[in-house]
Amino acid sequence: VRTHEDWLADVEDISGHPVRFPIMADPRRIISATLGTLDYATVDTKGSLVTLRSLVIVDPKMKVRLILSYPMSTGRSFAEVLRCVESLQRADLGVFTPADWKPGEDVMISSESARSVTPHRVFDDLPSGKTYMNFIPDPVNTRAEIREYLSGALDDAPARKVDDTFADGFEEGFAKDDK
């Protein structure tokens, strides 16, 4: 936990801004084992498995929405993290983002949605003969609109501290899902 607090201080010192998203410690590796984010090829000086550099996005209903994992030797791409968050926000609006999508580019809708919304681009000459690739303009066209959509929630959020009690609730949540 102390190393996480040190990391938060380092980030604030370098960037001039406090971290405004939750981070958590997993000293007993409960979450890491449950989510499969342990690096089985690497051990620390105590002989324990190390965790991959993993980003887990959990929604308010405790549903895991995304897991990105990188080996310890590879830094994360913040542009990719932001792209994924923006894609998840659009998924909440009922649209999907294709591979290599960037904010402002066309998004996909389901074939069912395409029955009530006229897509402006449909791939109907696919080898399968199916017409499931229906594209519409991005309903959230700019990052300013996304910020408005979020209503400044992060701007008013307090600086975060490390939460090492989250693992207990997380483990209980998985136990309930298994029943």
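Residues numbered from 1 in each chain as written. Predicted model: local features only at pLDDT ≥ 70, side-chain atom pairs only at ≥ 80, totals over all residues. Heavy atoms only, no water.

1. Thoughts on the overall build of the protein
So the rule is basically this: Segments assigned H or I by DSSP are reported as helices when at least four residues long, segments assigned E as strands when at least two residues long, and all are numbered from the N terminus. Relative accessibility thresholds used throughout: buried, under 20% of the residue-type maximum; exposed, over 50%; partly exposed, between the two (1.4 Å probe, protein chains only). By the convention used here, residues are in contact when the closest approach between their heavy atoms is within 4.5 Å. All accessible-area figures derive from a Shrake-Rupley calculation using a 1.4 Å probe, and residue coverage is judged against the displayed protein chains alone.
Within the protein one finds 6 helices and 7 strands. The secondary structure elements of the protein, listed N-terminal to C-terminal, are α-α-β-β-β-β-α-β-α-β-β-α-α. For the protein, buried positions account for 25% of its 179 residues. Counting only contacts in the protein whose residues sit at least 6 apart along the sequence, the fraction spanning at least 24 positions is 42%. As displayed, the protein offers around 12,200 Å² of accessible surface, 54% of which is attributable to carbon and sulfur atoms.

2. Re the sheet that holds strand β7 (residues 134-136)
Operational definition: If DSSP finds at least two bridges between two strands, the strands pair.
The strand order across the open sheet built from 3 strands is β5-β7-β6, with neighbouring strands paired in antiparallel fashion. Among the strands making up the open sheet, the edge pair consists of β5 (107-109) and β6 (121-122). Summarising the sheet, β5 and β7 pair through 3 bridges and their orientation is antiparallel. Among the inter-strand pairings, Ile 109 is bridged to a residue of β7, identified as Asn 134.

3. Description of the side chain of Thr 37
Structurally, the position occupied by Thr 37 is in the loop between α2 (30-35) and β1 (38-43). Overall, the relative accessible area of 5% leaves Thr 37 in the buried class.

4. Digging into the pattern of salt bridges
In plain terms, the rule: Salt bridges are counted wherever a side-chain nitrogen of Lys or Arg sits within 4 Å of a carboxyl oxygen of Asp or Glu.
Counted under the stated rule, the structure contains 5 salt bridges. Residues Asp 92 and Arg 65 are paired through a salt bridge, measuring 3.0 Å at the closest nitrogen-oxygen approach. Of the two residues, Asp 92 sits in the loop between α3 (78-91) and β5 while Arg 65 sits in strand β4 (residues 64-70), which places them 27 residues apart along the sequence. In this structure, the salt-bridge partner of Glu 80 is Arg 83, at a minimum N-O distance of 2.8 Å. Taken together, the positions of Glu 80 and Arg 83, both in helix α3 and 3 residues apart, correspond to about one turn of that helix. Ionic contacts of the salt-bridge type, sharing partners, join the residues Asp 59, Arg 65 and Asp 92 into one network.

5. Overview of the nonpolar core
What counts, and what does not: We define a nonpolar core as any set of buried Ala, Val, Leu, Ile, Met, Phe, Trp, Tyr and Cys residues linked to one another through side-chain atoms lying within 4.5 Å.
Counting 7 residues, the largest nonpolar core consists of Ile 57, Leu 66, Leu 68, Tyr 70, Val 81, Cys 84 and Leu 88. Mapped by element, the contributors of at least two residues to this core are β4 and α3. Residues within four places of Tyr 70 in sequence aside, it is in contact with Leu 52, Arg 53, Gly 75, Arg 76, Ser 77 and Glu 80. Judged by nonpolar contacts, the second largest core, of 6 residues, contains Trp 101, Val 107, Ile 109 and Ala 114.

6. Quick look at unusual backbone geometry
Despite not being glycine, Met 62 has its phi angle at roughly 65°, a positive value. The phi dihedral of Asp 100 is positive, around 65°, even though this residue is not glycine. On the secondary structure map, Asp 100 appears in the loop between α3 and β5.

7. Remarks on the pairing of β1
Bridge analysis of β1 against strand β2 (residues 49-51) gives 3 bridges, and the strand direction is antiparallel. From the neighbouring strand, Leu 38 faces β2, where its bridge partner is Thr 51. Taking the residues between adjacent antiparallel strands as the criterion, β1 and β2 are bridged by 5 residues, where Gly 47 takes a positive phi near 85°.

8. Examining the confidence of the model for the protein
Cut-off, in case you're wondering: The pLDDT value expresses, per residue, how confident the predictor is, ranging between 0 and 100.
When pLDDT is averaged along the protein, the result is 76; 77% of the residues meet or exceed 70. No element of the protein has a lower mean pLDDT than helix α6 (residues 166-178), at 48, and none a higher one than β4, at 90. The model gives residues 157-167 a pLDDT under 50, and that stretch makes 33 contacts with residues more than four places away or in other chains.

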